[in-house]
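Residue-level structure breakdown
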Amino acid sequence: MKYLQLILTAMFRRKTRTIFTLLSVLAAFLLFGLLDSVRSAFANAASSVAGVDRLVTVSRISFTLPLPKSLLPRIQALPGVAQVTYANWFGGVYQDPKNFFANEAVADNFLDLYPEWLLPPAERTAFRNTRTGAVVGKSLAEKYHWKLGDKIPLQATIYPQKSGGNAWAFDLVGIYRAADPKRRSQENALFFNWDYFDEARAFGNGNVGWYVLKVTDRNLAQQVAQAVDALSANSDHETKTQTEQAFNAAFVSQFGDIGLIVGAIMGAVFFTLILLTGNTMAQAVRERIPELAVLKTIGFSNQSVLALVLAESVLLILLGGSIGLVLAGVVVDAVRAAVGTGVPMTSVGVAIWLRGAGLMVLIGLIVGALPARRGMRLRIVDALAGR
Amino acid sequence: MAARSPLRRLGSLIASLIAAAAAIALLAVAPWWLLLAAVLLLALWTLLTRIGHQAWSVTEVGLATIPQRLGACSVVVVGIAGVVAVLVALLAMAGGFEATLKQSGSDDTAIVMRAGAQTEINSVLDHDSAGLVAQAPQVLRTAQGQPIASPELVVVASLPKKSNGLDANVEIRGVGERAWSLRPDVRIIAGRRFGPGLRELIVGKGAREQFAGVDPGATLKLNGQIWTVVGAFESGDAHDSELWADSDVVAATYRRGSSTASVTVRLTGADAFDAYKAALASDPRLTVDVKTTRAYYTDQSAALAKLIRVLGITIAAIMAIGAVFGALNTMYAAVATRSREIATLRAIGFRAMPVIVSVLLETMLLALLGGLLGAALTWVVFNHYTVSTLGSNFTQVVFAFQVSAPVLWTGLKWALAIGLIGGLFPALRAARLPVTAGLREL
């Protein structure tokens, strides 16, 4: 620690160069933070334990295929199942296809399984008692300036009315908000009553899109999932029951191999970074050969000189990298706040910082290695003579 | 350095920033011939004018010293190559996806779906409607007087991908008997066509590459029934990602009764589309939407292609910031090591202009080298590299990267822009070096 001042002075010997190098490191780790945030969002989705007491049952073939409602009592009767609900994707369009938000027909106990969404009890009752009622998230209501009592027209893309038209209208009776302000992206949805939906739609009656079930004990989740899927095994509507996260991950992995793409880009970035900072360090040491010789003359050992140069390069990368990661955190939070729905990014937390810090130290050691060795090996007489 | 008022320094900094921004803006919109003209003008200038000649000699000296500072110069080259490689790869990905879907459609075929459905997976047409839309006079007929129309049904099957063994969704398209004359691009490349009324499939080239167990001869279990793959086909577009079968048999297997999802028809000509659309809209028995297949497939690619492009440009922009600072470092160092030489040149009467041009030119040449390297690398590795992603029917769409000339050109322009910024400030510093101080420097 007592050499920190020495290292810092050496580092900022040429301010412009060091600042430019820091900015390059910063850019590299800003990118690392952003990409790793995306990558871990996908990776975590598969393994996260949060909400594991809630399982989703969809058609084994594709979640776009419906399931019969007759499964409901059979799932309910299974041991370990506390509650079952169901929903249908409606896919309605509000005014323009660009105004995308989730809208689903849900069973009347659907909201009971999502205690993380807060709906005032009076509005909850109103939703239950209004056939054409709908509830929306607070963010969505604010976006379109909806207030309680408004009629919300949706244009059907999948389910026309029995009368033949695509126009559906719902009465806004409730506005829910997410208990956790960080999850405001979940406020971008509209839910309406499944019973009304099933009565009014032209086809598909009696089919549901998916079931959501709550297990009595988290440790039973695996057994329950298997028991549910066994109900429909070898039928023409086989199911697949998994956690919501696994469901999301399986969906997303069909878009492409995110890990591979991120890995390839980061490979290119860090290769460039190593070359760039390596060059800076080599320059810095070359310029300071006489100074290093003086240090040796006054008694610094070869190892101390090696350590000093290595410490300088590691510190350089740590400094730039940390600022980059802080910045990445700010950007990720801003994007999540601004875009909300479905942005696959985790906030830059401990895991990303640990990985980032590991990379910083590693890269620091790599780029410092050659210059440090040169500093260690130099002979005092030659160096002082300028040879 | 002679003391100059901070205000003047700020002024000149702002002026050079504006100059750089203007040059980059010009670079961004300039077509290739304008840049070629600029290069020619530069060449003429160096050949014909005295100052130009001086600039070229100074540049030559600078270029001659590059082997002595190979490490520093490779920072510029590799840094820019990285930016260009990532940018070109992602743009080629977006372009390939777009091109694959665009090719799937044409202006003289039209797709009819239930009103509001937007995609085939959402659409259901009853038997009567499917028959009616094929009977319109704008639909081309065969010599026997049969309308060239194919009632089609899209269903989804889950198959393991070759790459990771995980199940992904593949599209099974049930097609009518006239699908072959509707899509003449479809060629059988192995085995034979499926037989009408049989549980037989043919597999698209892309689907065959991406999924395991779909080679001709293999059997698949679809909705509990055994199907045989009897052939493979190639169409060069999005249909390559599909498996095809007889539409009636698919409907029976998936219990769809006599309904279909869509009807695709060949029109008498591209100009018949408006009349066809009007005819369907005025028929009270129908509630359908009709689009040319080109419009239908182009719409499908728009959102994802845009997303990939935005991502590519964002990532490349952040990388470019890093590369700019790398170039600045290298060129400032180059100017510093040559300060004595530059001061000498100034002392014997060289003007500032040749010095500025030479540093700028040197950086731009290094940048160009980096750009070419990155572009060439991407072209070698990624051109025609095949991947698949999720299409709008929630099934896999197989497509190949297209490292096209416009994409490569964009990459090179980025490289030149980075070189311009990275070289401009060191060039100005070189020009401002006070001669006396420069001569004294070791």
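Shown above is the structure to which this text applies.
First, a word on what this report is: a plain description of the structure on this page. Keep in mind the model is a prediction, meaning the values are calculated, not measured.

Core analysis: the biggest nonpolar cluster contains 95 residues, and A:F29, B:I80 and B:I315 have the highest contact counts within it. In this view, A:F29 contacts A:F270, A:L273, A:I317, A:G321, A:G324, A:L325, A:G356, A:L359, A:M360 and A:I363; residues no more than four positions away in its chain are not counted. With 42 residues, the next largest nonpolar core counts A:V81, A:A141, A:F197 and A:A225 among its residues.

All right, on to unusual backbone geometry then. All names here are of chain A. The phi dihedral of Q95 falls on the positive side, at around 65 degrees, and the residue is not glycine. Under the relative-accessibility criterion, Q95 is labelled exposed at 63%. Despite not being glycine, N234 shows a phi value in the positive range, around 65 degrees. Take N234: it is sitting in the loop between α7 (221–231) and β12 (239–243). Residue classification places N234 among the exposed positions, given a relative accessible area of 68%.

This part is about the interface of chain B and chain A. Between chain B and chain A, the contact holds 45 residues from the first and 43 residues from the second. For the pairing of chain B and chain A, the buried interface totals around 3,500 Å² over both sides, and the portion due to carbon and sulfur atoms is 64%. When the buried surface of chain B facing chain A is broken down by residue, B:I318, B:F325 and B:N329 rank first, second and third, together holding 16% of it. Counting across the interface, chain B meets chain A through zero salt bridges. Between the two partners, chain B and chain A, sit six residue pairs in polar contact (both at pLDDT 80 or more).

Tracing the chain through its elements places B:S388 in strand β11 (residues 386–390). At a separation of 2.7 Å, a polar atom in the side chain of B:S388 contacts the side chain of B:Q396. The residues touching B:S388, leaving out its near neighbours within four places in the chain, are A:Q254, A:F255, A:G256, B:K161, B:Q210, B:Q396, B:V397, B:V398 and B:F399.

Residues and elements named next belong to chain B. Direction of pairing for strand β4 (residues 187–191) relative to strand β7 (residues 225–234): antiparallel, over a ladder of four bridges. Residue pairing in the sheet places G191 in a bridge with G231 of β7. Sheet analysis places strand β5 (residues 200–204) next to β7, joined by five bridges and oriented parallel. Along β7, the bridge assignment pairs E200 with T228. Between strand β6 (residues 219–222) and β7, which pair antiparallel in sequence order, lie two residues; one of them, N223, sits at a positive phi of approximately 45 degrees.

Pairing between side chains becomes possible if they bear opposite charge and their charged atoms approach one another. All names here are of chain B. Scanning the model with the defined rule gives 34 salt bridges over all chains in all. Two residues, E200 and R192, come together in a salt bridge whose shortest N-O distance is 3.0 Å. Assessed through its relative accessible area of 42%, R192 is described here as partly exposed. Several salt bridges converge on common partners, so that one network encompasses E120, E152, E171, R173, R183 and E242.

All right, on to the side chain of A:E187 then. Residues and elements named next belong to chain A. With respect to the helices and strands, E187 occurs in the loop between β8 (167–178) and β9 (189–193). For E187, a relative accessible area of 2% puts it in the buried group. Separated by 2.7 Å, the side chains of E187 and S139 make a polar contact. Those residues in contact with E187 that lie beyond four places of it in its chain are G137, K138, S139, L140, Y176, R177 and A178.

Moving on, we come to the environment of B:L286. Residue and element names in this part refer to chain B. Positionally, L286 belongs in the loop between α9 (273–282) and β10 (288–292). With 152 residues separating them along the chain, L286 and G438 place their C-alpha atoms 85 Å apart. In this structure L286 touches S129, L132, V133 and L280, once residues within four positions along its chain are discounted.

All names here are of chain B. Listing the buried residues of helix α11 (residues 339–347) in full gives S339, I342, A343 and L345. One face of α11 carries all of its buried residues, which in axial projection span an arc of 160 degrees. Elements in contact with the buried residues of α11: α3 (50–64), α10 (293–337), α12 (352–382), α13 (405–432) and α14 (435–440). Looking at the residues trailing α11, positive phi occurs at G349, about 110 degrees.

Calculation criteria
Residues numbered from 1 in each chain as written. Chains lettered and ligands numbered in written order. Predicted model: local features only at pLDDT ≥ 70, side-chain atom pairs only at ≥ 80, totals over all residues. Heavy atoms only, no water. Core = buried A, V, L, I, M, F, W, Y, C linked by side-chain atoms within 4.5 Å. Buried < 20%, exposed > 50% of the residue type's maximum accessible area, 1.4 Å probe, protein only. Contact = heavy atoms within 4.5 Å. Helix = DSSP H or I, 4+ residues; strand = E, 2+ residues; numbered from the N terminus. Buried area = accessible area lost by both parts, 1.4 Å probe. Salt bridge = Lys/Arg side-chain N within 4 Å of Asp/Glu carboxyl O. Polar contact = N/O pair within 3.5 Å; in protein donor to acceptor, adjacent residues only side chain to side chain. Pairing = 2+ DSSP bridges. Arc of directions from axis to C-beta.

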